[in-house]
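Read off the chains here:
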Amino acid sequence: MTDKTSNKMWGGRFAAGPDAIMEAINASIGFDKRMAAQDIAGSRAHAAMLAATGIISDSDAQTIREGLLTILSEIDSGSFEFSTALEDIHMNVEARLSTLIGEPAGRLHTARSRNDQVATDFKLWVRDQLDATQAGLMALMRALLGQAEAGADWVMPGFTHLQTAQPVTWGHHMMAYVEMFGRDLSRVRDARLRMNESPLGAAALAGTSFPIDRHATAASLGFDRPAANSLDAVSDRDFALEFLGAASICAMHLSRFAEELVIWSSAQFRFVALSDRFSTGSSIMPQKKNPDAAELIRAKVGRIFGANVALMMVMKGLPLAYSKDMQEDKEQVFDAADNLMLALAAMEGMVRDMSGQKENLAAAAGSGFSTATDLADWLVRVLGLPFREAHHITGSLVALAEKNGCDLPDLTLEQMQTAHDAITQDVFDVLGVENSVNSRTSYGGTAPAQVRAQVALWKERLG
């Protein structure tokens, strides 16, 4: 297959255009058209700088600007015709610009290459995704804060190994995820700061002999500064890898919470009721209410992890500067970003809508000998026993309660004293789950006062 338009864009080096197979493997317009807005923004900044430095005339720059705005309008309206023969978004835009404005279009590519152009476009796109991720995380954290504040003093079982460990508060459990997503927010903000250097003006790999002003284009596009090394600028994809790394950790946190919601909403637990908006029924079992949104969030992690690994594999063996392998950098990032934003939005919706089942939580909190540690602590604090001895005594009382088919608070004082005769009636004051959580007043503990203090702190941080 020969395509004269494609051949013209390549220049005089090739006598014929690529055949169908080469066109298929070489074209990226099917996915990189998502960067159209960023591509046009970069071109507008470049054209303005070329005029400001006297490299092209003001009239050509104005004509280019108007043509680019027309193209953006066409793309936004859906009337723009993308061509695989033109390979990518850059060539598609340039070809259309040439049709619209003629000769001035050919001046736009002065002092730049597709290498710095694509790096700039991709950075701008990833930066937008980091901003969107930040907004999504903050919305989810606010939803969690609402749950934590409402249930700051609700008791529930805390688990290790998915076995009842000690009583905690619902608010404390919600705040654990606020901390997790807070670290994700920090990573996103940190990545954005580090990646905010402009590749534009690095040209193919060595810079340019034209008297360009890279600081002007960087400022115009919202970058903090131009990238300092032209070789690095065109070959760097760390910004995309950092986004995928942060996305992967965030997705892991989302998956952990999703798993808990799946467990908690089951008939065996009944800790939480999910809204109908984020559940589905069964085609055959009318009693079912399936936590499908949570399950799908849990599954989407694999796609995000996979994208991270895939881009690592693309980049791991590439010498400087640009190689065509780097065309394979975008699809994974696009897919990961789509799925991360969907998962964040779905989780926020589930958290806002879900209802903690206070009575069921409280009933579960008092089962499974959850206050055994409180008994051991009392033996140390009041009787002055070494903790290891207190641990052994408590274990024997747990065994006794288990043998009698009851929980620790149901044992009589006489039964308690069979393990240690100095135990007094006061021990029963620490065996209630309410007393247990109220006593955990250490910084970061589960006591309602500590939970409310952390809620207030995070509300102030998030603004």
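Residues numbered from 1 in each chain as written. Predicted model: local features only at pLDDT ≥ 70, side-chain atom pairs only at ≥ 80, totals over all residues. Heavy atoms only, no water.

1. Observations regarding the overall build of the protein
Right, on to step 1. The helix and strand tally for the protein stands at 19 helices and six strands.
Right, on to step 2. For 463 residues, the compact-globule estimate of 2.2 N^0.38 gives 23 Å, and the protein exceeds it by more than 25% at 31 Å.
Right, on to step 3. Principal-axis analysis of the C-alpha atoms places the extent of the protein at approximately 100 × 50 × 40 Å.
Right, on to step 4. Among the 463 residues that make up the protein, the fraction classed as buried is 50%.
Right, on to step 5. Put simply, 74% of the contacts in the protein that link residues at least 6 apart link residues at least 24 apart.
Right, on to step 6. Accessible surface computed for the protein: about 21,400 Å², of which carbon and sulfur atoms make up 53%.
Right, on to step 7. Looking at charge distribution, the protein has the averaged site of its 42 positive side-chain charges lying 3 Å from that of its 57 negative ones. (Helix = DSSP H or I, 4+ residues; strand = E, 2+ residues; numbered from the N terminus. Rg over C-alpha atoms; globule rule 2.2 N^0.38 Å. Buried < 20%, exposed > 50% of the residue type's maximum accessible area, 1.4 Å probe, protein only. Contact = heavy atoms within 4.5 Å. Areas by Shrake-Rupley, 256 points an atom, 1.4 Å probe, with all protein chains shown as cover. Lys, Arg positive; Asp, Glu negative; His and termini not counted. Charge placed at Lys NZ, Arg CZ, Asp CG, Glu CD.)

2. Examining the pattern of salt bridges
Right, on to step 1. Evaluated as defined, the whole model comprises 22 salt bridges.
Right, on to step 2. The salt bridge involving Arg96 is made with Glu74; its shortest N-O contact spans 2.7 Å. Of this pair, Arg96 sits in helix 6 (residues 89-101) while Glu74 sits in helix 5 (residues 58-77); the two residues are 22 residues apart in sequence, bridging distant segments of the chain.
Right, on to step 3. According to the relative accessible area criterion, Arg96 is partly exposed, its value standing at 26%.
Right, on to step 4. For Arg107, the salt bridge goes to Glu103, with nearest N and O atoms at 2.9 Å. (Salt bridge = Lys/Arg side-chain N within 4 Å of Asp/Glu carboxyl O.)

3. Concerning the packing of aromatic side chains
Right, on to step 1. Across all of its chains, the model carries twelve aromatic pairs by this definition.
Right, on to step 2. Look at Trp154 and Trp170: their rings are 6.1 Å apart centre to centre, the planes differ by 35°, and that puts the pair in the tilted class. Of this pair, Trp154 sits in the loop between helix 7 (114-150) and strand 1 (155-160) while Trp170 is found in helix 8 (residues 170-195), placing the two residues 16 residues apart along the sequence.
Right, on to step 3. Accessibility expressed as a relative area gives 16% for Trp154, which makes it buried.
Right, on to step 4. With relative accessibility at 0%, the residue Trp170 sits in the buried group. (Phe/Tyr/Trp six-rings, centres within 6.5 Å; stacked < 30°, edge-to-face > 60°.)

4. Concerning helix 15 (residues 372-383)
Right, on to step 1. Taking 1.5 Å per residue as the helical rise, helix 15 with its twelve residues ought to reach 16 Å, and the 16 Å between its terminal C-alpha atoms agrees with that figure.
Right, on to step 2. Those residues of helix 15 lying buried are Ala372, Asp374, Leu375, Ala376, Trp378 and Leu379.
Right, on to step 3. Against the buried residues of helix 15 lie strand 2 (163-169), helix 16 (387-404) and helix 18 (433-439).
Right, on to step 4. Phi turns positive one or two residues past the end of helix 15, at Gly384, with a value near 75°. (Expected span 1.5 Å × (residues − 1).)

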